[in-house]
Every structure is written in structure tokens, then in C-alpha cells.
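Notes for the structure review
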Amino acid sequence: MPYKRITLTHFLLQEQRRLGGSGSFTALMTDIVFACKMISHEVNRGALAGNLGVAGSENVQGEEQKKLDVLANDIFLHMNALGGSYAGMASEEMEDVHAVHGAADGKYLLLFDPLDGSSNIDVNISVGSIFSILKLPEGADAGSKDAFLQPGVKQVAAGYALYGSSTMLVLTTGNGVNGFTLDNNVGMFLLTHPDMTISADTKEFAINASRERFWEPPVKRYIDECRQGKEGPRAKDFNMRWVASMVAEVHRILCRGGVFLYPADSENIKKGGKLRLMYEANPMAFIIEQAGGAATTGRGRMMEVQPTGLHQRVPVILGSKNEVERLGAYHAEYDAK
Ligand SMILES: O=P(O)(O)OC[C@H]1O[C@](O)(COP(=O)(O)O)[C@@H](O)[C@@H]1O
Ligand SMILES: [Mg+2]
Ligand SMILES: [Mg+2]
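A quick note: this is a predicted structure, and the numbers were derived from the prediction, not measured.

Further remarks concern the site of ligand 1. Taken together, 16 residues sit near ligand 1, with Asp116, Gly117, Ser118, Met246 and Tyr262 positioned nearest. In the environment of ligand 1, an oxygen atom lies 2.9 Å from a nitrogen or oxygen atom belonging to the side chain of Asp113. One of the side-chain nitrogen or oxygen atoms of Glu280 is found 3.0 Å away from an oxygen atom of ligand 1. Only β5 (108–116) and β14 (275–276) provide two or more residues apiece to the shell around ligand 1.

Two aromatic rings are characterised by how far apart their centres lie and by the angle between their planes. Under the defined criterion, the tally for this structure stands at five aromatic pairs. Among the aromatic side chains, those forming a connected cluster through ring pairs are Trp242, Phe260 and Tyr262. Cation over ring: Arg221 sits above Tyr330, and NZ or CZ is 3.6 Å from the ring centre.

Turning next to the coordination of the magnesium ion (ligand 3). Coordination angles at a metal have ideal targets, namely 109.5 degrees for four tetrahedral donors and 90 or 180 degrees for six octahedral donors. Around the magnesium ion (ligand 3), the protein supplies Glu92 (OE), Asp113 (OD) and Leu115 (O) as donor atoms, at distances of 2.0 to 2.2 Å. Counting along the primary sequence, the residues that act as donors to the magnesium ion (ligand 3) give the motif E-x20-D-x1-L. Between the magnesium ion (ligand 3) and the magnesium ion (ligand 2), the interatomic distance is 3.6 Å, and Asp113 donates to each metal, bridging them. The pair formed by Asp113 and Leu115 is uniform in burial state, with each residue classed as buried.

Residues annotated in UniProt with the feature "binding site: substrate" (unreviewed entry) correspond here to Asp116, Gly117, Ser118, Ser119, Asn208 and Lys274. Here Ser119 shows up in the loop between β5 and β6 (127–135). Looking at the element boundaries, Lys274 is found in the loop between β13 (259–262) and β14. Filtering out sequence-adjacent residues up to four positions away, Lys274 remains in contact with Tyr262, Asn268, Arg313 and Val314.

All right, on to the coordination of the magnesium ion (ligand 2) then. Coordination of the magnesium ion (ligand 2) by the protein is provided by Asp113 (OD), Asp116 (OD) and Glu280 (OE), with metal-donor distances spanning 1.9 to 2.0 Å. Sequence positions of the residues that donate to the magnesium ion (ligand 2) give the spacing D-x2-D-x163-E. For Asp113, a relative accessible area of 0% gives the class buried.

This part covers the sheet that holds strand β10 (residues 188–193). The sheet built from eight strands is open, its strands ordered β4-β3-β5-β6-β7-β8-β9-β10 with mixed pairing. The strands lining the two open edges of the sheet, one partner per strand, are β4 (98–99) and β10. With six bridges connecting them, strand β7 (residues 157–163) and strand β8 (residues 167–172) associate as antiparallel partners. Within the sheet, the bridge partner assigned to Leu162 lies in β8 and is Met168. The strands that helix α3 (residues 67–82) touches are β3 (86–91), β4, β5 and β6; relative to β5, the one it contacts most, it runs at about 155 degrees.

This part takes up the pairing of β10. Of the pairings in the sheet, the one linking strand β9 (residues 177–183) to β10 comprises five bridges and is antiparallel in character. Its bridge partner lying in β10, Thr181 is registered against Leu190. Between β9 and β10, which pair antiparallel one after the other, the connecting turn spans four residues, and Gly187 there sits at a positive phi close to 70 degrees.

Enumeration according to the criterion identifies 19 salt bridges in this entry. A salt bridge links Glu333 to Arg221; its shortest N-O distance comes to 3.1 Å. Of this pair, Glu333 sits in helix α7 (residues 321–336) while Arg221 sits in helix α4 (residues 217–228), and the two are 112 residues apart along the sequence. Using a relative accessible area of 43% as the deciding quantity, one classes Glu333 as partly exposed. In this structure, a network of salt bridges that share partners links the residues Glu63, Glu92, Arg276 and Glu280.

Among the nonpolar cores identified, the biggest contains 45 residues, and Tyr160, Leu254, Phe260, Met284, Val316 and Leu318 are the most heavily contacted of them. Looking at this core, the elements with two or more residues in it are β3, β5, β6, β7, α5 (246–256), β13, α6 (277–290) and β17 (316–319). Of all the elements, α6 adds the most residues to this core, at nine residues. Counting contributing residues, this core receives three or more from each of domain 1 (8–193) and domain 2 (204–336).

Residue placement: Asn282 occurs in helix α6. The buried category is assigned to Asn282, whose relative accessible area is 2%.

This part covers α3. For α3, spanning 16 residues, the distance from its first C-alpha to its last is 23 Å, which sits close to the expected 22 Å at 1.5 Å a residue. Of all the positions in α3, only Leu68, Asp69, Ala72, Asn73, Ile75, Phe76, Leu77, Met79 and Asn80 are classed as buried. Those residues of α3 that are buried are in contact with α2 (24–45), β2 (64–66), β3, β4, β5 and β6. Following α3 by one or two positions, Gly84 has its phi on the positive side, about 80 degrees.

The rules behind these values
Residues numbered from 1 in each chain as written. Chains lettered and ligands numbered in written order. Predicted model: local features only at pLDDT ≥ 70, side-chain atom pairs only at ≥ 80, totals over all residues. Heavy atoms only, no water. Near = heavy atom within 4 Å. Polar contact = N/O pair within 3.5 Å; in protein donor to acceptor, adjacent residues only side chain to side chain. Helix = DSSP H or I, 4+ residues; strand = E, 2+ residues; numbered from the N terminus. Phe/Tyr/Trp six-rings, centres within 6.5 Å; stacked < 30°, edge-to-face > 60°. Lys NZ or Arg CZ within 6 Å of the ring centre and 35° of its normal. Donors = N, O, S within 2.8 Å, 3.2 Å for Na, K, Ca; no water. Buried < 20%, exposed > 50% of the residue type's maximum accessible area, 1.4 Å probe, protein only. UniProt positions renumbered as here; feature names shortened; annotations may be inferred. Contact = heavy atoms within 4.5 Å. Pairing = 2+ DSSP bridges. Axes fitted to C-alpha atoms, helices over the stretch in contact; angles between N-to-C directions. Salt bridge = Lys/Arg side-chain N within 4 Å of Asp/Glu carboxyl O. Core = buried A, V, L, I, M, F, W, Y, C linked by side-chain atoms within 4.5 Å. Domains from an automatic or database assignment. Expected span 1.5 Å × (residues − 1).

Structure, rendered in C-alpha cells:
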């Protein structure tokens, strides 16, 4: 009997029983799963469906939108409005929040990066979608951004879909991290990566090295030491990776350890960094911590950052615990001077 694996739907039902409550948790995840399946299909079709290239518009970040950024955003909005679980949604591709009028059971808020790694779409390198789920605070207006500005520790669930050689969905509800692979023959996500955990130590770092001239001394020191290898203070050789898709970097780290850095530097500090707190850094921090890793800004725990803006950017350092802590110590030493 080939189908011995647990399906994502059955996994969610088990989670629902564990969490108790009325089944709304399963419902809100089901909408996201539909959206990711559709986006996977569109990403996979690529040029065949005219899905490559630019949309001819800019998003709130002033970035040129790719056609798939816009299509993925529309799919997420449409599918997650249908189920009625979300009272409001916010996205990298939308300036303001989107209130879901008439959301029958709207107790939750959804934040998402519909297409992560956009610079890789046209060159057929892995991209993904990232999502974060919050509760709608009592009496809050889901149409106001204030309802969304909750620290990462308030997330009830987070995850990402990776559209790579296979399509995967990786998820946490605060009870560890599990990975599912889409079986296109039966159209179902099946549990293939149960209880994903990250080794505390690693020999692999990921950073965009072309930005070295802008780095702060603690980051420069850390990367220099890694590059010195066995002959240097770390007394071991390190390898480097940079995919330019945060989802792919985080997935690699979940599978074999590593440390990922997109620090604030003298060029992007005006904006606060590169990556966005609410729909990139916080959901990834929740997943990484649940897998036994750590996620910081270099100067504090990511999920304790009090958000001030929907599209706020932050420095990101995450992955194998001992490396993230070492980077924290280098920042503290530098700041103490
Ligand atoms: O172009 P750079 O500097 O390598 O930055 C790559 C980073 O930017 C991102 O592509 C930003 O995300 P979006 O593609 O969703 O805008 C991350 O996925 C990635 O880690
Ligand atoms: Mg992104
Ligand atoms: Mg994006």
C-alpha cells in the first residue's frame, strides 16, 4: 500500500484535537494550502503561462513587481477570503491591510510574503511563499494596521511553501516543525520531514558577500573568522551559500544546519535593514526557534521586537544556536566599547 504517509489535512486534524477549539485552526490552514498549491502550479508553468517578467508596477517598498508577485498576492487574497477564517490580511505587495468583510469566523489575521525570492523567478531558481498567523485582539478593528502590529511571540502559527525541485510546505503551530511534500499525482501534501531540528553547530554561513564594504565590525569579524578556516580562530573550515531566496536558505538550514545573515549595514540602515519583520523575519524566527535554533537582530531576540510598521525592515541573523549566540556576543562586545 503506497500511501502510508500522513497527509497534511490529517496532521492538521490531529493538531486541532491537541489545540482543542472549534476546528477553525484546520480551516485557516486549509485556505493557505489551496493558495500554495495554485502558486506552485503557476510557478511551475513559468513561461508556458506567460508568468515570467515584470508586472509594470511598483509595490509599497518601491520595488518593481514581478508578474508572479502580483498573481501570487491575488491568489493568497482570494483563497484566504473564501474560508472566512481571516478577519484581515496584510502582504508585502499591499500598502495597507485588507479587511475581509463578512468573514464569518474571522478570529485571525494573516500576514504573508506571497512570493519570496522574486529576483530568482525568471532564472528558475527556488522561490517560496511565507505566512504568519496572529489572533485578532479582542475588540480590535481588522481593518486597522494596529491590530497587526503584534510581536512575533504572539504568532499562533507560521510557515512557508518552497517551490523548488519539489514543492514543500513547512509549518509550526508552536509544537515543533514539520515538513510536507506535495504529491502532484494525488494533489496532497504528505508528511515527509517530521520534527525537523537544527544542529547547534555548523560549518556553513549564508550572507550576500557583495555588501561586505557596508557591514558593521561585528559581522565583518564573524565572516572573516569563518573564512580563515582551520588556520584561523575558529579552527575549522566553513563553506558559504547564497541563493537570494530567504525561503530556500531557511529550508537548507532546517535540513542541515547553518547560519543566515542579512544584517543592517551602512547602506540599508536608513531603511532599518533589508528583510521585513512581519512577513519574513517573524514567521521564519518562529520556525527556527521551534526547530531548536535561534533568531535575532544581532542585538535582541527577533520575536520580541515590538513592531511599529507593517512593512518595517530589520537586521536578520538566524540558524544554528551557537553561531547566532556567537554573533550576539560579537555585537555586544562591539557595542560595549
Ligand atoms: O538581492 P539580495 O541582496 O541578494 O537579497 C536577497 C533577499 O531578498 C529577498 O529576495 C527579499 O524577498 P522578496 O523577494 O520577497 O522581496 C529574500 O528572499 C532574499 O533573502
Ligand atoms: Mg521576501
Ligand atoms: Mg516577496
